[in-house]
Amino acid sequence: MNGDPKANVSGWLRDYLDAGAAVENVSAAASSRVPGVEPEPEPELVVNPWDIVLCTSGTLISCENAIVVLIILHNPSLRAPMFLLIGSLALADLLAGVGLIVNFAFAYLLQSEATRLVTIGLIVASFSASVCSLLAITVDRYLSLYYALTYHSERTVTFTYVMLVMLWGTSICLGLLPILGWNCLRDESTCSVVRPLTKNNTAVLSISFLFMFALMLQLYIQICKIVMRHAHQIALQHHFLATSHYVTTRRGVSTLALILGTFAACWMPFTLYSLIADYTYPTIYTYATLLPATYNSIINPVIYAFRNQEIQKALCLICCGCIPSSLSQRTRSPSDV
């Protein structure tokens with residue numbers, strides 16, 4: 001009934017060894033949770049170099065445009081419609097730079113759907129306001145030349161405020177679309193090259209950009225014609241030589257070509273790419289086309305603000321407390337468009 005004694009001893013010995021192994025396993029598991037015992041190293045956070053470049057670009061954009069905003073706010077004399085629009089452009093680019101910085105910080109420090117939607121909404125709204133401000137500046141320059149006699153009136157100031165309200169209202173609405181539900185977080189198949197924007201969202205933005213670029217091109221062609229006609233009239237009135245008229249006209253055309261060429265070179269690659277591509281395309285193409293678009297916000301202060309004579313005077317007053325004689329004696333020519 002008791003069986004073989006050797007078999008019983010072997011069974012007890014096997015049970016004892018199994019119990020000892022189980023105790024060792026439990027002890028090892030417990031020791032992994034005891035303070036002082038080093039856990040296994042966690043995987044290191046890998047930062048995308050393209051994100052670093054975008055964050056650096058955003059920092060430069062913010063600093064550069066903050067200077068323009070502070071100059072306009074600091075000088076009560078810079079309240080003409082032209083300076084209001086330049087200030088709107090600088091503010092939009094400033095917010096775009098802040099959006100790029102915040103997007104980088106949230107992407108690696110605070111990852112959540114809410115932060116992604118808020119940051120992408122800020123970036124869309126700010127860049128939309130930047131492009132719309134460029135169009136508003138083009139309209140203002142056309143009106144200042146075409147209606148030169150009545151441009152400096154209350155009607156122009158009112159029209160400028162209406163343009164500002166419309167462009168910022170439209171831009172804010174475009175930025176709110178992803179937050180209000182027009183995003184691809186629930187259906188990845190509808191994503192565009194910029195998550196979490198949908199393909200339809202980027203298509204609307206791209207087509208709107210192409211429309212505004214075509215309108216700017218048409219307005220600048222008309223501005224070029226007016227500048228050439230004004231330069232010719234001034235040359236006749238003051239008996240200037242034909243070469244002087246040619247030089248003045250060429251400067252005006254070169255300035256307009258610089259403005260439109262820079263705008264198209266910065267934004268056209270990303271606009272066309274976002275129309276034909278979707279989320280399945282390699283992200284490196286998105287970075288490579290989006291980065292030049294951010295450069296437009298770096299170049300804008302140079303073209304529209306720091307080339308302006310009044311802003312140059314205000315900057316000199318802030319920095320050194322005086323106005324150089326070269327600025328005080330300079331007169332505006334028809335090529336300064």
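Residues numbered from 1 in each chain as written. Predicted model: local features only at pLDDT ≥ 70, side-chain atom pairs only at ≥ 80, totals over all residues. Heavy atoms only, no water.

The chain appears in an unreviewed UniProt entry as G protein-coupled receptor 12 from Pipistrellus kuhlii. The heading Sequence similarities (unreviewed entry) in the UniProt record of the chain holds the text "Belongs to the G-protein coupled receptor 1 family." In its Subcellular location (unreviewed entry) section, the UniProt record describing the chain reads: "Cell membrane". (UniProt positions renumbered as here; feature names shortened; annotations may be inferred.)

Novice: Could you clarify how one ought to interpret the overall build of the chain in this entry?
Specialist: The number of helices and strands found in the chain is 10 helices and 0 strands. Listing the helices and strands of the chain from first to last along the sequence gives α-α-α-α-α-α-α-α-α-α. Expressed as a percentage of the 337 residues in the chain, the buried residues total 40%. A sequence separation of at least 24 residues applies to 77% of the contacts in the chain between residues at least 6 apart. (Helix = DSSP H or I, 4+ residues; strand = E, 2+ residues; numbered from the N terminus. Buried < 20%, exposed > 50% of the residue type's maximum accessible area, 1.4 Å probe, protein only. Contact = heavy atoms within 4.5 Å.)

Novice: How do you make sense of the pattern of salt bridges when you look at a structure like this?
Specialist: Pairs can form between side chains of opposite charge once their charged atoms are near each other. All told, the structure shown has 2 salt bridges when counted by the stated rule. For R186, the salt bridge is made with E113, and the minimal N-O distance between the two is 3.3 Å. One end of the pair, R186, is in the loop between α5 (154–179) and α6 (199–237); the other, E113, is in helix α4 (residues 113–146), with 73 residues separating them in the sequence. For E113, a relative accessible area of 39% gives the class partly exposed. (Salt bridge = Lys/Arg side-chain N within 4 Å of Asp/Glu carboxyl O.)

Novice: When you look at the side chain of E64 in this model, what are you seeing that I'm missing?
Specialist: Secondary-structure assignment places E64 in helix α2 (residues 49–74). The charged side chain of E64 is buried without a salt bridge, its nearest counter-charge being R307 at 12 Å. (Lys, Arg positive; Asp, Glu negative; His and termini not counted.)

Novice: Looking at this model, I keep getting lost on the packing of α4 against helix α8 (residues 283–305). Mind explaining?
Specialist: In helix packing, the relevant descriptors are the interaxial angle and the interaxial distance, both defined with respect to the helix axes. One can describe the packing of α4 onto α8 by two numbers: an axis separation of 11 Å at closest approach and a directional angle of 35°. The two elements α4 and α8 meet at a crossing, and its hand is left-handed. Only A293, T294, N296, S297, N300 and Y304 of α8 make contact with α4, whose side of the interface consists of F127, S130, L134, I137 and R141. Here the contact of α4 with α8 is built from residues that sort into 5 nonpolar, 5 polar and 1 charged. (Axes fitted to C-alpha atoms, helices over the stretch in contact; angles between N-to-C directions. Left-handed = near helix turned anticlockwise from the far one by under 90°. Nonpolar A, V, L, I, M, F, W, Y, C, P; charged D, E, K, R; others polar.)

Novice: Teacher, can you tell me more about the nonpolar core here?
Specialist: In terms of nonpolar packing, the biggest core is built from 64 residues, with I86, Y220, F263, W267 and Y304 touching the most fellow members. Within the residue set of this core, elements represented by two or more residues are α2, α3 (81–109), α4, α5, α6, α7 (242–276), α8 and α9 (309–320). It is α4 that provides the largest number of residues to this core, a total of 13 residues. Setting aside residues no more than four positions away along its own chain, I86 makes contact with V68, I72, I137, Y304, A305 and I311. (Core = buried A, V, L, I, M, F, W, Y, C linked by side-chain atoms within 4.5 Å.)

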